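Chain by chain, the residues run as shown.
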Amino acid sequence: MTPLNEIKFACLDTETTGLSPERGGKICEIAVSVSQNGRKLEEFSTLLNPGMPMHPDVIAIHGITNDMVKDAPKFIDVLPRLLSLLDGCVLVAHNADFDLGFLRAETASCGLRFPDYPVLDTLRLARKNGRFQRNNLGVIAAALGIDAQGAHRAMADVRMTEKVLYNFLHEFARCGVNCLEELQKCQFKKHEKAVLGLTPLP
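Residues numbered from 1 in each chain as written. Predicted model: local features only at pLDDT ≥ 70, side-chain atom pairs only at ≥ 80, totals over all residues. Heavy atoms only, no water.

Colleague: Could you give an account of empty space enclosed by the protein, naming the residues involved and the relevant values?
Modeller: A complete count under the given rule lists 1 cavity of 30 Å³ or more for this structure. One number sums up the size of the largest cavity: a volume of about 40 Å³. Taken together, Leu-12, Leu-91, Val-92, Ala-93, Ala-96, Asp-99, Leu-100 and Val-119 make up the lining of the largest cavity. Breaking the lining of the largest cavity down by element, the ones donating at least two residues are β4 (90–93) and α4 (96–109). (1 Å grid on protein atoms, 1.4 Å probe; cavity = no way out; pocket = protein on both sides within 12 Å on 5 of 7 lines; lining within 4 Å. Points joined across faces, edges and corners; volume = space filled by probe spheres on them. Helix = DSSP H or I, 4+ residues; strand = E, 2+ residues; numbered from the N terminus.)

Okay, structure coming up:
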């Protein structure tokens, strides 16, 4: 059993050119924030050149333009830095399947396999244990009194996810969930005592 206060959490978010890598979508921005027991250890964020033009509808969502990414590094250029940063961490994302699908596809295009890190999905935790009006990141953040300024840019979403995570950890700890293995189960089965969203942190 791994105590939660000993874990390094890597909150992660990607902005993309489309909805799925299977349909040709690529990552155009990535951000990571690593913390332990509420203490920030390291942050990393970069635009990425996706090697393809982005549709205006996509640009309207995240505000990243083709001109902004034309001189940015490619995914393969930042992959070593990314893997080094994530080493030994539990990955945290809101709708983690989305981000992990892109990361696996991008890493595979570099001839490598994205490692099988332990994962926590704040969306799954909210759906199973929360009482939010909706379970998208912005609504959850607002309900918890977390600033949602800059939403839909990778680092802004990462910082929101990180604050949501620690709010959730506080609530689960109050209910006796103090190790990673127990917390992971709460993504798929509602905890009998936890009600996320009723006790926002000060």
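More follows now that the structure is in view.
Colleague: So, the pattern of salt bridges: which residues are in play, and what are the values?
Modeller: Close approach of charged atoms allows side chains with opposite charge to pair. Summed over all chains, the structure comprises 11 salt bridges. With a closest N to O distance of 2.8 Å, Arg-153 and Glu-29 form a salt bridge. Of this pair, Arg-153 sits in the loop between α6 (137–143) and α7 (154–174) while Glu-29 sits in strand β2 (residues 27–36), placing them 124 residues apart in sequence. With relative accessibility at 5%, the residue Glu-29 sits in the buried group. When the shortest N-O distance is used, the salt bridge between Asp-116 and Arg-113 registers 2.5 Å. Arg-113 matches Asp-116 in its accessibility class, with the two residues each being exposed. (Salt bridge = Lys/Arg side-chain N within 4 Å of Asp/Glu carboxyl O. Buried < 20%, exposed > 50% of the residue type's maximum accessible area, 1.4 Å probe, protein only.)

Colleague: With reference to specific residues and values, describe the sheet that holds β4.
Modeller: Strand order in the open sheet formed by 5 strands is β3-β2-β1-β4-β5, and the pairing between neighbours is mixed. Whereas interior strands pair on both sides, the edge strands pair on one side only; in this sheet they are β3 (39–47) and β5 (119–121). Between one strand axis and the next, the sheet turns through 20° on average, direction left out of account. As paired elements, strand β1 (residues 8–16) and β2 share 9 bridges and run antiparallel to each other. For Cys-11, the partnering residue across the bridge sits in β2 and is Ser-33. Helix-sheet contacts for α4 involve β1, β2, β4 and β5, and the interaxial angle to β1 is about 75°. (Pairing = 2+ DSSP bridges. Axes fitted to C-alpha atoms, helices over the stretch in contact; angles between N-to-C directions. Contact = heavy atoms within 4.5 Å.)

Colleague: Let's hear about the packing of aromatic side chains: which residues, and what values?
Modeller: Summed over the entire model, instances satisfying the criterion amount to 4 aromatic pairs. Judged by centre distance (6.2 Å) and plane angle (90°), the ring pair of Phe-9 and Tyr-166 falls under edge-to-face. Of this pair, Phe-9 sits in strand β1 while Tyr-166 sits in helix α7; the two residues are 157 residues apart in sequence, bridging distant segments of the chain. Exposure class is identical for Phe-9 and Tyr-166. Each is buried. Seen from their ring centres, Phe-114 and Tyr-117 are 5.4 Å apart, and the 65° between their planes marks the pair as edge-to-face. Considered together, Phe-114 and Tyr-117 belong to a single accessibility category, that of buried residues. (Phe/Tyr/Trp six-rings, centres within 6.5 Å; stacked < 30°, edge-to-face > 60°.)

Colleague: Any chance you could break down the layout of surface pockets for me, citing the residues and the numbers?
Modeller: A volume near 570 Å³ is recorded for the largest pocket. Asp-13, Glu-15, Phe-98, His-152 and Asp-157 are the residues nearest the centre of the largest pocket, which is lined by 21 residues in total. Elements supplying a minimum of two residues to the lining of the largest pocket: β1, α1 (56–62), α4, α6 and α7. For the lining of the largest pocket, the leading source of residues is β1, giving 4 residues. For the lining of the largest pocket, the class distribution of residues is 7 nonpolar, 10 polar and 4 charged. (Nonpolar A, V, L, I, M, F, W, Y, C, P; charged D, E, K, R; others polar.)

Colleague: Which residues make up the packing of helix α5 (residues 122–129) against α7, and what values do they have?
Modeller: Where α5 contacts α7, the axes come no closer than 11 Å and their chain directions differ by 45°. Here α5 lies oblique to α7, going by the angle between them. Read as a crossing pair, α5 and α7 show a hand that is left-handed. On α7, the residues touching Thr-122, Leu-125, Ala-126 and Asn-129 of α5 are Thr-161, Val-164, Leu-165, Phe-168 and Phe-172. Among the residues forming the contact of α5 with α7, the class breakdown is 6 nonpolar, 3 polar and no charged. (Parallel < 35°, antiparallel > 145°, perpendicular 65-115°, else oblique. Left-handed = near helix turned anticlockwise from the far one by under 90°.)

Spatial relationships are all this shows, so hold off on functional conclusions.
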